[in-house]
Amino acid sequence: MILKVWHGIPEGTLTGLAILSTLAGNLFLVGSLANLIVAERASVQGVHLTFRDHAKAGVPITILSMLVAGIWLWVAGYMPV
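Note that the structure is predicted; figures quoted are calculated from it, not measured.

## Considerations on helix α2 (residues 11-24)
In a regular helix each residue adds 1.5 Å, so 14 residues correspond to 20 Å; α2 covers 20 Å between its end C-alpha atoms and thus fits that length. Close packing links the buried residues of α2 with α4 (51-75).

Dropping the structure here:
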């Protein structure tokens, strides 16, 4: 949808958006289908996974992975500063 309003968007920016939006989905329990599957499987085993429980790991992992991805995108020249 962004391509309809932002013409001439650099390819590196598209790569960055794709990578960072994928990683951002891990921030919340409902942000990724994989997160929901893990919560459902945990529920079957009798473990109740709450949003707060997920956030304890989800927030730091998301921040760290986005930081590493951002540095990689910058070093690789996909997203200039």
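## Examining a nonpolar patch on the surface
Side chains of Ile 2, Leu 3, Val 5, Trp 6, Leu 14 and Leu 17 sit close together on the surface and give an oily, nonpolar patch of about 550 Å² of accessible area. Among the secondary structure elements, those contributing two or more residues to the nonpolar patch are α1 (2-5) and α2. Looking at the element boundaries, Trp 6 is found in the loop between α1 and α2.

## Points about the side chain of His 54
Within the fold, His 54 resides in helix α4. In this structure the side chain of His 54 is engaged in a polar contact, spanning 3.5 Å, whose partner is the side chain of Asn 35. Setting aside chain neighbours within four positions, we find His 54 in contact with Asn 26, Leu 27, Phe 28, Leu 29, Asn 35 and Leu 49.

Thresholds, definitions, all that
Residues numbered from 1 in each chain as written. Predicted model: local features only at pLDDT ≥ 70, side-chain atom pairs only at ≥ 80, totals over all residues. Heavy atoms only, no water. Helix = DSSP H or I, 4+ residues; strand = E, 2+ residues; numbered from the N terminus. Expected span 1.5 Å × (residues − 1). Contact = heavy atoms within 4.5 Å. Patch = residues over 30% accessible without salt bridge, like charges linked within 9 Å, V, L, I, M, F, W, Y side chains within 5 Å. Areas by Shrake-Rupley, 256 points an atom, 1.4 Å probe, with all protein chains shown as cover. Salt bridge = Lys/Arg side-chain N within 4 Å of Asp/Glu carboxyl O. Polar contact = N/O pair within 3.5 Å; in protein donor to acceptor, adjacent residues only side chain to side chain.

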